Amino acid sequence: MQLIDGKSISEAIQVEIGEQVALLTQSGQRAPHLAAVLVGNDGGSETYVANKIKACHKAGFGSSLIRLESSVSEKELLATVDSLNNNPDVDGFIVQLPLPAHIDERKIIEAIRPEKDVDGFHPVNVGRMVLNLPAYICATPNGILQLLKRYSIETEGKHCVVIGRSNIVGSPMSILLAKNSSPGNCTVTLCHSKTKNLKSLTQQADIVVCALGKPGFLSADMVKEGVVVIDVGTTRVSDRSAKRGYRLMGDVKFDEVAPKCSYITPVPGGVGPMTIASLLQNTLLAANKAIY
Ligand code: NAP
């Protein structure tokens, strides 16, 4: 069994990005700039945004954080999006999800100009991704593809079972893995909460991507020997013995599944860090006007 070390791959990618930023600034261009909009003070969102900003600094990017009260109206948030859309000093920006219930997330995502949508959530970017046109690919699935590539994990002709069909992970992951590309060319089965006999499907899988947010869902009896397991799940489970009062749990029963795997991602330190690396890559593409 080989552990897929997303933390060090992510750090290596961030160093590579930093080198490209240095070349840009040496040639007189300004550094790429990522802005993040954070609404309210949800603990998870605070941490994710803080990590993204920290990564920007390390890579030599400019960054700005726009904090808004959780009571902000949809109209005010749309005005913030509009001003970032029109700010020539901002190459790309994200609106950290989830948003408070009174705000329509779809409306906010659709208000972001596709050229600056470095999260790759806008329908234009999703549509372009599906049609094999240049697009910002959403960060988590893109990060997983890079892990498969950097570990030279063969995907062609493999049966991949993706569990979870969210717009930000499961659905795009299934589309990307089925593409005629490398990594890709998998035969993909996309599972969700209405899937029947899920275990009989995962038992046939060469690759299992778990993205459902149910700690310890995938057990050893659900997979075959030699399987590749990618654990996207990150659920905060309260733990008084932990420094922060919680620990992160993946969707896989790691201790019992790992011995059957050829490769497996840990939680934390697997997929999570790759999401940040992908976001920086998309922002660099935006600064270089490489997609639009
Ligand atoms: P989500 O929107 O919460 O959706 C969960 C999906 O799992 C749904 O499609 C649901 O099916 C399916 N599901 C739920 N219970 C199931 C079951 N018993 N059997 C089969 N499928 C089931 O998912 P998400 O936003 O993609 O998040 C999934 C997990 O990934 C969470 O733990 C999240 O924190 C984590 N995540 C991590 C990163 C990272 O950077 N590491 C990034 C994003 C998300 P239905 O569609 O039928 O309801």
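If you're wondering where the values come from, they're calculated on a predicted model, not measured in any experiment.

Concerning the sheet that holds strand β3 (residues 62-68)
Across a sheet, paired strands are connected by hydrogen bonds in the backbone, their directions being either parallel or antiparallel.
Then step 1. Taken in spatial order, the 3 strands make up an open sheet running β3-β2-β4, and their pairing is parallel. Each end of this open sheet is capped by a strand with a single partner; those strands are β3 and β4 (92-95). Along the sheet, successive strands turn relative to each other by an average axial angle of 15°, direction set aside.
Then step 2. Of the strand pairs in this sheet, strand β2 (residues 33-39) and β4 are connected by 4 bridges, and their pairing is parallel. Looking at the pairing, A36 lines up with I94 of β4.
Then step 3. Running at roughly 160° to β3, helix α2 (residues 43-59) makes contact with β2, β3 and β4 of the sheet.
Then step 4. Of the strands in this sheet, β2, β3 and β4 are in contact with helix α3 (residues 74-85), which crosses β2 at around 180°.

What about the nonpolar core?
Then step 1. Grouped together as the largest cluster of nonpolar side chains are 51 residues, with contacts concentrated most on I17, F61, I144, L177, V209, I230 and V232.
Then step 2. Residue contributions to this core peak at 8 residues, all from helix α10 (residues 271-287).
Then step 3. If we ignore the near neighbours within four places in the chain, the residues touching V209 are I144, C160, V161, V162, I163, M173, L177, I230 and V232.
Then step 4. Membership of the second largest hydrophobic core comes to 17 residues, among which are C191, V227, V257 and C261.

Points about a nonpolar patch on the surface
Then step 1. A cluster of nonpolar side chains, contributed by V126, V130, L131, L133 and I175, occupies part of the molecular surface with about 390 Å² of accessible area.
Then step 2. For L133, the location among the structural elements is in the loop between α5 (123-130) and α6 (139-150).
Then step 3. Residue L133 is classed as partly exposed on the basis of its relative accessible area of 42%.

Overview of the site of the ligand
Then step 1. The ligand sits among 22 residues. The nearest are R165, S166, S193, T234 and T275.
Then step 2. At 3.4 Å from a nitrogen atom of the ligand is found a main-chain nitrogen or oxygen belonging to H192.
Then step 3. Starting from 930 Å² of accessible surface for the ligand in isolation, the protein chains cover 71%.
Then step 4. Sorting elements by how many residues they give to the shell around the ligand places α10 first, with 3 residues.
Then step 5. A breakdown of the residues in the shell around the ligand according to their chemical character gives 9 nonpolar, 11 polar and 2 charged.

Some details on the pairing of strand β11 (residues 261-264)
Then step 1. Bridge count between strand β1 (residues 2-3) and β11: 2 bridges; the pairing is parallel. Across the sheet, the residue bridging to L3 is I264, located in β11.

Some details on the pattern of salt bridges
Then step 1. Overall, the coordinates contain 10 salt bridges when judged by the stated rule.
Then step 2. Residue D91 is joined to R30 by a salt bridge in which the shortest nitrogen-to-oxygen separation is 2.9 Å. Note that D91 is positioned in the loop between α3 and β4 and R30 in the loop between α1 (6-26) and β2, a separation of 61 residues in sequence.
Then step 3. Judged by relative accessible area, which is 36%, R30 ranks as partly exposed.

Quick notes on the packing of aromatic side chains
Then step 1. In total, this model carries 2 aromatic pairs according to the counting rule given.
Then step 2. Seen in terms of ring centroids, Y136 and Y292 are 6.0 Å apart; in terms of plane orientation they differ by 45°. Their pairing is tilted. Taken as a pair, Y136 in the loop between α5 and α6 and Y292 in the segment after α10 lie far apart in primary sequence, 156 residues in all.
Then step 3. Judged by its relative accessible area of 2%, Y136 is buried.
Then step 4. With relative accessibility at 31%, the residue Y292 sits in the partly exposed group.

Let's talk about the pairing of strand β8 (residues 227-231)
Then step 1. Within β8, 5 of the 5 residues are buried, which leaves the element mostly enclosed by the surrounding structure.
Then step 2. In β8, alternate side chains face the same way, and those of V227, V229 and D231 on one face and V228 and I230 on the other are all buried.
Then step 3. Note: strand β7 (residues 207-210) against β8, 4 bridges, orientation parallel. Its bridge partner being in β8, I207 is matched across the sheet by V228.

Here we look at the side chain of S63
Then step 1. Summarising the element assignment, S63 is placed in strand β3.
Then step 2. Residue class for S63 comes out buried when judged on its relative accessible area of 18%.
Then step 3. If near-sequence neighbours (up to four positions away) are discounted, S63 is found in contact with H33, L34, I53, C56 and H57.

Details of empty space enclosed by the protein
Then step 1. If you walk through the whole model with that rule in mind, you get 1 cavity of 30 Å³ or more.
Then step 2. By volume, the largest cavity amounts to about 40 Å³.
Then step 3. Lining the largest cavity we find F93, I94, V95, L97, I109, I112, D117, D119 and F121.
Then step 4. Tallied by class, the residues present in the lining of the largest cavity amount to 7 nonpolar, no polar and 2 charged.

Reading guide: rules and limits
Residues numbered from 1 in each chain as written. Predicted model: local features only at pLDDT ≥ 70, side-chain atom pairs only at ≥ 80, totals over all residues. Heavy atoms only, no water. Pairing = 2+ DSSP bridges. Helix = DSSP H or I, 4+ residues; strand = E, 2+ residues; numbered from the N terminus. Axes fitted to C-alpha atoms, helices over the stretch in contact; angles between N-to-C directions. Contact = heavy atoms within 4.5 Å. Core = buried A, V, L, I, M, F, W, Y, C linked by side-chain atoms within 4.5 Å. Buried < 20%, exposed > 50% of the residue type's maximum accessible area, 1.4 Å probe, protein only. Patch = residues over 30% accessible without salt bridge, like charges linked within 9 Å, V, L, I, M, F, W, Y side chains within 5 Å. Areas by Shrake-Rupley, 256 points an atom, 1.4 Å probe, with all protein chains shown as cover. Salt bridge = Lys/Arg side-chain N within 4 Å of Asp/Glu carboxyl O. Near = heavy atom within 4 Å. Polar contact = N/O pair within 3.5 Å; in protein donor to acceptor, adjacent residues only side chain to side chain. Nonpolar A, V, L, I, M, F, W, Y, C, P; charged D, E, K, R; others polar. Phe/Tyr/Trp six-rings, centres within 6.5 Å; stacked < 30°, edge-to-face > 60°. 1 Å grid on protein atoms, 1.4 Å probe; cavity = no way out; pocket = protein on both sides within 12 Å on 5 of 7 lines; lining within 4 Å. Points joined across faces, edges and corners; volume = space filled by probe spheres on them.

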